[in-house]
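Here's the letter readout for the chains.
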Amino acid sequence: MAATASPVVSVDAFQTGAYATVLQNVEPPGRCERSDSIIPRPPKALLIASPSGDREGEFPVLMLLHGFLLYNSFYSQLMQHIASHGFIVVAPQLYTLAGPDCTDEIDSAAEIACWFPKGLKHFLPQKIQPDLSKLALSGHSRGGKVAFALALRKTMLKFSALIGIDPVDGMDKGVQTPPPVLTYVPNSFDIGMPVIVIGSGLGEVKKNAVFPPCAPSGVNHWDFYIECKSPACYFVAKDYGHLDMLDDKTRGIRGAASYCLCMSGKSREPMRRFVGGAIVAFMKSYLGGEPEHLMLLKNQDIAAPLELQQVHFRL
């Protein structure tokens, strides 16, 4: 049995952590593959970032759900940043094409989470073990909505923390995509776990006259945060946009579109580093029993790689 990883405390969560990392793709079963295989494959394709295995250990797990019509591969740099601090990050590809209803995505995410106990360990480096008693759920944009919906559903596999990365619940207040998540009743979310919501200051701003804002006011990060019960924390990055936490280079038609549809900052690196660092500090605090990491962010005792527009804590 693998020994529990000794804590590796990074002075600055915004910098790359002490662990070397590895990225790997895992495909679902093929048409001819037996469903009762000794090593069960996941129900959806996965991208997994983890410590490389040069040091043996058991590590907390984060499931990351991608945004609308994006690929999980667009988050590879963010995933590696988080993994370098001693976490396993699993990003499923929930769909290739999708309509407005995200019920199937919620069902798929639940199915993947239920696969973790029997399947995840088989697709990690030899010396790396997942600690599913420390399991966090996160999502970006529409994936953030799916993450909140799944947390509210109370699945059989218990999550310990919830992370919303610029979550969006539709086009506008009253124009939510089904199933709606926001109720517009403060402190109404019965989630039963700590929550962090990270928002983009430019998400509410139109890129041009043709496309609407990517994170419209009335269905965005602030609306999610005010419905969370304590403990909850909230950060908004000023002068950065809805897709600025993606990889520096996102390829293909969808990758090219990610530069054209949303208002953005001067570069993606500062926002991606902030999002990664905030997630690391939050998870170390609530999953690792090291609350000083989140307090460093709250008190801004370590320099963020960007200017913060808002910071709220309800502890």
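Residues numbered from 1 in each chain as written. Predicted model: local features only at pLDDT ≥ 70, side-chain atom pairs only at ≥ 80, totals over all residues. Heavy atoms only, no water.

### Describing the overall build of the protein chain
Helix and strand content of the protein chain: seven helices and 11 strands. For a compact globule of 315 residues, the expected C-alpha radius of gyration is about 20 Å, and the protein chain comes in at 18 Å, within 12% of that figure. Within the protein chain, the fraction of its 315 residues that count as buried is 55%. For the protein chain, contacts bridging at least 24 residues in sequence account for 79% of all contacts bridging at least 6. A total accessible area of about 13,300 Å² is found for the protein chain, and carbon and sulfur atoms account for 54% of it. (Helix = DSSP H or I, 4+ residues; strand = E, 2+ residues; numbered from the N terminus. Rg over C-alpha atoms; globule rule 2.2 N^0.38 Å. Buried < 20%, exposed > 50% of the residue type's maximum accessible area, 1.4 Å probe, protein only. Contact = heavy atoms within 4.5 Å. Areas by Shrake-Rupley, 256 points an atom, 1.4 Å probe, with all protein chains shown as cover.)

### Examining the packing of helix H2 (residues 103–119) against helix H3 (residues 142–153)
Two elements in contact, H2 and H3, have axes separated by 9 Å at closest approach and are oriented at 65°. Once H2 is placed against H3, the crossing between them reads as right-handed. Here H2 contributes Glu105, Ile106, Asp107, Ala109 and Ala110 to the contact with H3, which in turn contributes Arg142, Val146, Ala149, Leu150 and Arg153. Considering only residue class, the contact of H2 with H3 consists of six nonpolar, no polar and four charged. (Axes fitted to C-alpha atoms, helices over the stretch in contact; angles between N-to-C directions. Left-handed = near helix turned anticlockwise from the far one by under 90°. Nonpolar A, V, L, I, M, F, W, Y, C, P; charged D, E, K, R; others polar.)

### A short note on the state of the cysteines
In total, this model carries one disulfide according to the counting rule given. For Cys214, the disulfide goes to Cys262, at an S-S distance of 1.9 Å. Between Cys214 and Cys262, the disulfide has an S-S torsion of -95° and is therefore left-handed. Placement of Cys214 in the loop between strand E9 (195–200) and helix H4 (221–226) and of Cys262 in the loop between helix H5 (252–257) and helix H6 (269–286) is noted, with a sequence separation of 48 residues between them. On the accessibility criterion, Cys262 (6% relative accessible area) is buried. In this structure Cys102 is a free cysteine whose sulfur lies 17 Å from that of Cys228, the closest cysteine sulfur available. Accessibility expressed as a relative area gives 0% for Cys102, which makes it buried. (Disulfide = S-S within 2.5 Å.)

### A few points about the confidence of the model for the protein chain
For the protein chain, per-residue confidence averages 92 on the pLDDT scale, and 94% of positions sit at 70 or higher. Confidence over residues 1–10 falls short of pLDDT 50; this stretch has 22 contacts with residues more than four positions distant or in other chains. (pLDDT = per-residue confidence, 0-100.)

### Some points on the layout of surface pockets
As a volume, the largest pocket reaches approximately 640 Å³. Together, 27 residues line the largest pocket, and Phe68, Ser141, Met171, Cys214 and Leu261 are the ones closest to its centre. Of all the secondary structure elements, the ones that give two or more residues to the lining of the largest pocket are H3, strand E7 (170–172) and H5. For the lining of the largest pocket, the per-class residue count stands at 16 nonpolar, seven polar and four charged. (1 Å grid on protein atoms, 1.4 Å probe; cavity = no way out; pocket = protein on both sides within 12 Å on 5 of 7 lines; lining within 4 Å. Points joined across faces, edges and corners; volume = space filled by probe spheres on them.)

### Topic: the sheet that holds strand E2 (residues 46–51)
Strand order in the open sheet formed by nine strands is E1-E2-E4-E3-E5-E6-E9-E10-E11, with mixed pairing between adjacent strands. The sheet is open, and its two borders are formed by strand E1 (21–26) and strand E11 (308–314), each paired with just one other strand. Neighbour-to-neighbour, the strand axes of the sheet open up by a mean angle of 15°, direction not taken into account. Bridging between strand E10 (residues 232–237) and E11 involves six bridges; their strand directions are antiparallel. Within E11, the position partnered with Phe235 by the bridge is Val311. Helix-sheet contacts for H2 involve E2, strand E3 (57–65), strand E4 (88–92) and strand E5 (128–140), and the interaxial angle to E3 is about 170°. (Pairing = 2+ DSSP bridges.)

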